[in-house]
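Examining the three-dimensional arrangement
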Amino acid sequence: MGKMSVSLCGIGLDNPVIPASGTFGYGLEFAEIYDINVLGTFSFKGTTKEPRFGNPTPRIAECASGMLNAVGLQNPGVHHVIERELPALKKVFHKKVMANVSGSCIEDYVYVSELLDREDQVGWLEINISCPNVKAGGMGFGTSCESAAAVTKAVKAAVKKPVIMKLSPNVTDIAAIAKACEDAGADGICVINTLLGMRIDLRTGRPVIANVTGGVSGPCVFPVALRAVYQVRAAVKIPVVGCGGVSSAADVLEMMYAGASAVEVGAANLTDPYACKKIIEDLPGVMYKYGIKNLSDINGSK
Amino acid sequence: MKNVIFEIKENFKLANGVYKMLLSGDASDITAPGQFVNVRIDGLYLRRPVSVCDRDGDLLTLIYKVVGSGTEAMSKMKKGEKLDLLTGLGNGYGTGVSGDAPLLLGGGVGVPPLYLLAKTLIEEGKKVSVILGFNKKDEIFYENEFKDLGCFVTVTTVDGSYGRKGFVTDALPDNYSYYYACGPLPMLKAVYKACKTGGQLSFEERMGCGFGACMGCSCKTVTGYKRICKDGPVLYKEEILWEK
């Protein structure tokens, strides 16, 4: 056990840094530029039953200290992921990967989860009930305790591996939804997905993003994410994964003090492809600065 | 792809609203004409993709139009300042299929990447014709630079204030072996319709990362979904599906 190692739902991680789903593809673009085995793990692109093109472009906008996206879960579908992406990943990544699952109905969540659960390299299933950019499903499942619990329960009944529910901040009481997921059998909670936002192009008077709204991410959402981690930590006993605006080793520590067992890094990968590598390299120095001997001493895993 | 800090050697106004920046640094990842770099700008979250106009050893030339806060900040940078670039992005143009007399069509800030392309084609011994399209006279740049390479150059302006009045498609020669285009979407559509030989067209889209990770700039093609930043920006004529 190294001083940066942590445990997430019973699986050891060399460090708590996890590139977030949707910012890291299926790992291969990043494996071209650095050894991605330095990561704790990563959460691959949100995967659905059928291939999805996603939303029309433009899908991207910028804001102060952050960005908006309305990609809309573009992915090649679970069968392609199993036949093509995972075998390619296996050659360059020798750790367990987090499989991010999305769907437009409970049956689809179960279908995709069941298939990915059987893959050796998959360590955790991260169930995305918080995508703000799709019309059917997505965030619709994550905004009420009943539907969040229903997805959790159905997926849990179909799989053996730990199930982490990724929740939306676009709700009144995120802790109550986390608790509902825990009661339905979830093994972990990841907070937060993006915040719903929009931008207007003053040259046209029209929204920048073709989908009109998009999910806000980047450093501007970090305080919101930290608050959510803190509230969820207080409400549940299962591990919490912190996600939202993390862009430095110091941010990782803040997340862990707030109660995160591991920390996802999203938008930062897009502006600096080496962001996670740098954060991992910076962690020992920042730990030393604040007198932290072992990250597992501060993390909120119970 | 490589992350490199470049030093600005020159940065000046080339035409109305258009600037030229000469940079020095490790440009070895620029291996084909039509590739681009993604520029980090202090105070702005996303990088700004800019096509490569020329690469000569460690020297990189960017020509960019001021369209928003990012390019405006770039236009104010001075000699000696450092610039953080992701280089070697995008597929670039393939020159092997051009035949012996390719035609290059550029519109506005679609012109710059055609410069390195013309240079490459001429080094390969080809006879290159170029049509440069602009809105009006004060926006024209690089006419002489293309002539100095040995290209046969035609300039068009929409308002007729210089060269031939009209669009690049109004000045098409009778014979050419292949075409390469870069410019605004309406121009690409017009070129696609008007030119009957094989061709390659370079597209523009709002990007998140610029290196294929975020799926922000995807488009549908005959051969499936492609990312403009990683699988493009250059698409072969045969694979294009016009959606917009």
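These figures come from a predicted structure and were not determined experimentally.

Here's the deal with the overall build of chain A
The helix and strand tally for chain A stands at 10 helices and 15 strands. The C-alpha radius of gyration of chain A comes to 18 Å, within 12% of the 19 Å expected for a compact globule of 302 residues. The proportion of buried residues among the 302 residues of chain A is 63%. For chain A, the proportion of contacts with a sequence separation of at least 24, taken over those separated by at least 6, is 71%. Carbon and sulfur atoms make up 54% of the accessible area of chain A, which amounts to about 11,200 Å² in all. Side-chain charges of chain A comprise 29 positive and 28 negative groups, with the mean position of each set lying 1 Å from the other.

Notes on the overall build of chain B
If you tally the helices and strands in chain B, you get four helices and 15 strands. Taking 244 residues into account, the globule formula puts the C-alpha radius of gyration at 18 Å, and chain B, at 17 Å, falls close to it. Projected onto its principal axes, the C-alpha positions of chain B cover 50 × 40 × 35 Å. A total of 244 residues make up chain B; the buried ones form 56% of that total. Of all intrachain contacts in chain B linking residues separated by at least 6 positions in sequence, the fraction that spans at least 24 positions is 62%. Taken as a whole, chain B presents about 10,100 Å² of accessible surface, with 50% of it coming from carbon and sulfur. Taking the 31 positively charged and 28 negatively charged side chains of chain B as two groups, their mean positions are separated by 4 Å.

Some details on the sheet that holds strand E7 (residues 122-128) of chain A
Residues and elements named next belong to chain A. The strand order across the open sheet built from seven strands is E3-E15-E14-E9-E8-E7-E6, with neighbouring strands paired in parallel fashion. Pairing within the sheet leaves two strands with one partner each, and these edge strands are strand E3 (17-19) and strand E6 (97-101). When strand polarity is set aside, the average angle formed by the axes of neighbouring strands in this sheet is 25°. Contacting E3, strand E14 (240-243) and strand E15 (262-265), helix H7 (residues 249-258) crosses the sheet at an angle of about 135° to E15.

Overview of the packing of helix H6 (residues 222-235) of chain A against H7 of chain A
Residue and element names in this part refer to chain A. Put simply, H6 and H7 touch, their axes get as near as 8 Å, and they point 25° apart. Here H6 lies roughly parallel to H7, going by the angle between them. Counted together, Phe222, Ala225, Leu226, Val229, Tyr230 and Arg233 of H6 and Asp251, Glu254, Met255 and Ala258 of H7 form the full contact between these two elements. Partitioning the contact of H6 with H7 into residue classes produces seven nonpolar, no polar and three charged.

Here's the deal with the interface of chain A and chain B
Frequently, the measure chosen for interface size is the accessible area removed from exposure when the parts meet. Taken together, the contact between chain A and chain B spans 36 residues of the former and 29 residues of the latter. Note on chain A versus chain B: buried area summed over both sides is about 2,600 Å², and carbon and sulfur give 59% of it. On the chain A side of the interface with chain B, the three residues burying the most area are Phe53, Glu62 and Thr271 of chain A, jointly 25% of the side's total. At the boundary of chain A and chain B, one finds three salt bridges. With its nearest N and O atoms 3.2 Å apart, the salt bridge here joins Glu32 of chain A to Lys230 of chain B.

Focus on the pattern of salt bridges
A complete count under the given rule lists 23 salt bridges over all chains for this structure. The closest approach of N and O atoms between Lys2 of chain B and Asp26 of chain B, which form a salt bridge, is 3.0 Å. Pair noted here: Lys2 of chain B is in strand E1 (residues 2-15) and Asp26 of chain B is in the loop between strand E2 (18-24) and strand E3 (36-39), with a separation of 24 residues, a long-range link. With a closest N to O distance of 2.9 Å, Glu72 of chain B and Lys76 of chain B form a salt bridge. One salt-bridge network, in which partners are shared between bridges, spans Glu29 of chain A together with Arg227 and Asp231 of chain B.

Quick word on the domain arrangement of chain B
Residue and element names in this part refer to chain B. When the domains of chain B are assigned, the result is domain 1 (2-89), domain 2 (94-202) and domain 3 (204-244). Each of domain 1 and domain 2 has a C-alpha centre, and the two are 22 Å apart. Across the contact, 19 residues belong to domain 1 and 14 residues belong to domain 2. Of the roughly 1,300 Å² buried where domain 1 meets domain 2, counting both sides, 64% is carbon and sulfur surface. On the domain 1 side of the interface with domain 2, the three residues burying the most area are Asn16, Pro33 and Cys53, jointly 37% of the side's total. Our count for the domain 1 to domain 2 interface comes out at one salt bridge. Notably, a salt bridge pairs Lys119 with Asp54, separated by 2.8 Å at the nearest N-O pair.

Things to note about the sheet that holds strand E10 (residues 195-197) of chain A
Residue and element names in this part refer to chain A. Strand order in this open sheet of four strands is E4-E5-E13-E10, and the pairing throughout is antiparallel. In this open sheet, the two strands that pair with only one neighbour each are strand E4 (60-63) and E10. With strand direction ignored, the average angle separating the axes of adjacent strands in the sheet is 35°. Strand direction decides the pairing type here: E4 and strand E5 (residues 66-69), joined by four bridges, are antiparallel. When the sheet's bridge partners are listed, Cys63 is paired in E5 with Gly66.

Each value, and the rule that gives it
Residues numbered from 1 in each chain as written. Chains lettered and ligands numbered in written order. Predicted model: local features only at pLDDT ≥ 70, side-chain atom pairs only at ≥ 80, totals over all residues. Heavy atoms only, no water. Helix = DSSP H or I, 4+ residues; strand = E, 2+ residues; numbered from the N terminus. Rg over C-alpha atoms; globule rule 2.2 N^0.38 Å. Buried < 20%, exposed > 50% of the residue type's maximum accessible area, 1.4 Å probe, protein only. Contact = heavy atoms within 4.5 Å. Areas by Shrake-Rupley, 256 points an atom, 1.4 Å probe, with all protein chains shown as cover. Lys, Arg positive; Asp, Glu negative; His and termini not counted. Charge placed at Lys NZ, Arg CZ, Asp CG, Glu CD. Pairing = 2+ DSSP bridges. Axes fitted to C-alpha atoms, helices over the stretch in contact; angles between N-to-C directions. Parallel < 35°, antiparallel > 145°, perpendicular 65-115°, else oblique. Nonpolar A, V, L, I, M, F, W, Y, C, P; charged D, E, K, R; others polar. Buried area = accessible area lost by both parts, 1.4 Å probe. Salt bridge = Lys/Arg side-chain N within 4 Å of Asp/Glu carboxyl O. Domains from an automatic or database assignment.

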